[in-house]
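# Examining the three-dimensional arrangement
Listed below, chain by chain, are the residues.
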Amino acid sequence: MRKVQKLPWFEQDPALLDDVRYALRESEYKWLHLHLDQGTARVQGTITVPEDRYSIEILFLNDYPLTLPQVRETGGRIPHTSDRHVNPKDGTACLCIPDEWFIQRPDESFLTFLRGPLYNYFLSQKAFESIEEWPLGERRHGNGGVLDFYQECLGTNNPHVIKQYLLCLSQVTVKGHWDCPCGSGNRIRNCHYERIADLRKKLSPHIASNALKYLSGVS
Ligand SMILES: [Zn+2]
Ligand SMILES: [Zn+2]
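From a predicted model like this one, the values you see are computed outputs, not experimental measurements. (Residues numbered from 1 in each chain as written. Chains lettered and ligands numbered in written order. Predicted model: local features only at pLDDT ≥ 70, side-chain atom pairs only at ≥ 80, totals over all residues. Heavy atoms only, no water.)

## With respect to the pattern of salt bridges
Where we set the bar: Only one rule defines a salt bridge in this text: a Lys or Arg side-chain nitrogen within 4 Å of an Asp or Glu carboxyl oxygen. Segments assigned H or I by DSSP are reported as helices when at least four residues long, segments assigned E as strands when at least two residues long, and all are numbered from the N terminus. For every residue, the accessible area (1.4 Å probe, protein chains only) is compared with the maximum for its type, and the residue is labelled buried under 20%, exposed over 50%, or partly exposed between those bounds.
The tally for this structure, following the rule as stated, stands at ten salt bridges. Residue Asp52 is joined to Arg77 by a salt bridge in which the shortest nitrogen-to-oxygen separation is 2.6 Å. Here Asp52 is found in strand S3 (residues 52–59), whereas its partner Arg77 is found in the loop between strand S4 (70–73) and helix H3 (98–104), with 25 residues between them in sequence. Judged by its relative accessible area of 31%, Arg77 falls in the partly exposed class. Notably, a salt bridge pairs Asp198 with Lys202, separated by 3.4 Å at the nearest N-O pair. Note that Asp198 and Lys202 are positioned in helix H7 (residues 193–202) at a spacing of four residues, about one turn of the helix. Shared partners join several salt bridges into a network, and the residues in it are Asp52, Arg77, Lys126 and Glu129.

Next up, the structure:
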């Protein structure tokens, strides 16, 4: 049987690659360059922050843009520890809680991602090197930070309610006659319909089901 090869994301949707190219060409990020190699797209180079620069690599996974690209600092400067917001396992930078960025971002362009979480991360790392504090604040690293975010976003400390919301948001279709995930016993259409509709516009079922898996260790 012939194996079906899935096309790389940038061949499935060339407009997404145009958006990346535009961000690198028409912006202050001219020291970052796109490389395409055997179905993989990565951006490599340096990012400048006031009075400094970092060598970085940005790797797009094949489910881009459903997930954020992976970012790594490649100069060996930032220790691979969770208190510096680097995942010790694979050296990826913990730029932000992706779910939070998906909900708050003003648009989906790559340039907005560069100017938002990516720039702020390296600006913060630079500040941390001198003052050992995070000037923009920080979330707890790992699933604690994800849980804190959903607690704020949904206005509840109840992990069961958060899971019910994520279960609902991870469905491809949601029906108004279902029980509302808030636990009121009302139907969605008579309860948190607007909140759920708004979240579904910004969070894909893919992201919600990832968050659900990620938080499943939290009771
Ligand atoms: Zn972190
Ligand atoms: Zn409700």
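On we go from here.
## Digging into the nonpolar core
Counted only if it meets this: What makes a nonpolar core is a set of buried Ala, Val, Leu, Ile, Met, Phe, Trp, Tyr and Cys residues whose side-chain atoms join them at distances within 4.5 Å. In what follows, residue pairs with any heavy atoms lying within 4.5 Å of each other are defined as contacts.
Formed by 56 residues in total, the largest nonpolar core has its most connected members in Phe110, Leu114, Leu118, Phe122 and Tyr150. At seven residues, helix H4 (residues 110–131) tops the list of elements feeding residues into this core. The contacts of Leu118, once residues within four sequence positions are left out, are Ile47, Ile56, Ile58, Val71, Leu95 and Phe113.

## Comments concerning the packing of aromatic side chains
We count it as follows: We call Phe, Tyr and Trp rings a pair once their centres come within 6.5 Å, taking the six-membered ring for Trp, and we label the pair stacked below 30 degrees between planes, edge-to-face above 60, and tilted otherwise. Sitting over a ring, as applied to charges here, requires NZ of Lys or CZ of Arg to be within 6 Å of the ring centre and within 35 degrees of the ring normal.
Throughout the structure, instances matching the rule amount to ten aromatic pairs. Measuring from centroid to centroid gives 5.3 Å for Trp9 and Phe10, while their planes differ by 90°, and the two rings are edge-to-face. Accessibility expressed as a relative area gives 3% for Trp9, which makes it buried. A network of ring pairs unites the aromatic residues Trp9, Phe10, Phe60, Tyr64, Phe110 and Phe113 as a single cluster. We note Arg77 situated over the ring of Tyr54; from NZ or CZ to the ring centre the distance is 4.1 Å.

## Notes on the coordination of the zinc ion (ligand 2)
For a metal with four tetrahedral donors the ideal donor-metal-donor angle is 109.5 degrees, whereas six octahedral donors ideally subtend 90 or 180 degrees. How we decide: For Na, K and Ca the donor cut-off is 3.2 Å; for every other metal, N, O and S atoms count as donors within 2.8 Å. Water does not enter the count, which can leave sites looking incomplete. In these descriptions, tetrahedral denotes four donors with every angle between 85 and 135 degrees, square planar four donors and octahedral six donors with opposite donors over 155 degrees apart and the rest between 65 and 115, and irregular any other case.
Taken together, Cys180 (SG), Cys182 (SG), Cys191 (SG) and His192 (ND1) make up the protein donors of the zinc ion (ligand 2), found 2.0 to 2.3 Å from the metal. Considering all four donor atoms around the zinc ion (ligand 2), the spread of angles at the metal, 106 to 113°, places the coordination shape in the tetrahedral class. Each donor residue of the zinc ion (ligand 2) belongs to the same chain, with the gaps between them written as C-x1-C-x8-C-H. Residue classification places Cys180 among the buried positions, given a relative accessible area of 4%.

## Overview of the coordination of the zinc ion (ligand 1)
Taken together, His85 (ND1), Cys94 (SG) and His141 (ND1) make up the protein donors of the zinc ion (ligand 1), found 2.0 to 2.2 Å from the metal. Donor residues for the zinc ion (ligand 1), ordered by position in the chain, follow H-x8-C-x46-H. In this pair, Cys94 sits in the loop between S4 and H3 while His141 sits in the loop between H4 and helix H5 (143–154), placing the two residues 47 residues apart along the sequence. We classify His141 as partly exposed; its relative accessible area is 25%.

## Some thoughts on the environment of Ser204
Within the fold, Ser204 resides in the loop between H7 and helix H8 (205–215). According to the relative accessible area criterion, Ser204 is buried, its value standing at 17%. The spacing of Ser204 and Glu133 is 71 residues in sequence and 33 Å in space, taken between C-alpha atoms.

## So, the packing of H5 against helix H6 (residues 159–169)
Using the following cut-off: Under this scheme, a helix contributes an axis fitted over its contacting stretch, all axes are lines through C-alpha atoms, and angles between N-to-C directions fall in the 0 to 180 degree range. Each angle receives one of four descriptions, namely roughly parallel if under 35 degrees, roughly antiparallel if over 145, roughly perpendicular if within 65 to 115, and oblique otherwise. Here the term charged refers only to Asp, Glu, Lys and Arg, the term nonpolar to Ala, Val, Leu, Ile, Met, Phe, Trp, Tyr, Cys and Pro, and the term polar to all other amino acids, Gly among them.
In contact at an axis separation of 10 Å, H5 and H6 are set at 85° when each is read in the N-to-C sense. On the basis of their axis angle, the class for H5 and H6 is roughly perpendicular. Between H5, through Leu147, Tyr150, Gln151 and Leu154, and H6, the contact on the second element is made entirely by Ile162, Tyr165 and Leu166. Grouping the constituent residues of the contact of H5 with H6 by class yields six nonpolar, one polar and no charged.

## Some points on the side chain of Glu100
Within the secondary structure, Glu100 sits in helix H3. Given the relative accessible area of 16%, Glu100 is considered buried. Each residue touching Glu100, except ones within four places of it in the same chain, is listed here: Arg139 and Phe149.

## Some points on the layout of surface pockets
Threshold: Points on a 1 Å grid, built from protein atoms alone, make a cavity when a 1.4 Å probe fits but cannot get out and make a pocket when they are open with protein on both sides within 12 Å along at least 5 of 7 lines; residues with an atom within 4 Å of a point are the lining residues. Grid points are joined across faces, edges and corners, and a volume is the space filled by probe spheres set on the points.
Put simply, the largest pocket is a space of about 820 Å³. Of all the secondary-structure elements, those providing two or more residues to the lining of the largest pocket are S4, H3 and H8. For the lining of the largest pocket, the class distribution of residues is 15 nonpolar, seven polar and four charged. If you add up the space inside the second largest pocket, you get close to 520 Å³. Along its surface, the second largest pocket is lined by 21 residues, and Leu95, Cys96, Ile97, Gly137 and Glu138 are the ones closest to its centre.

Shape descriptors only; they carry no functional weight alone.
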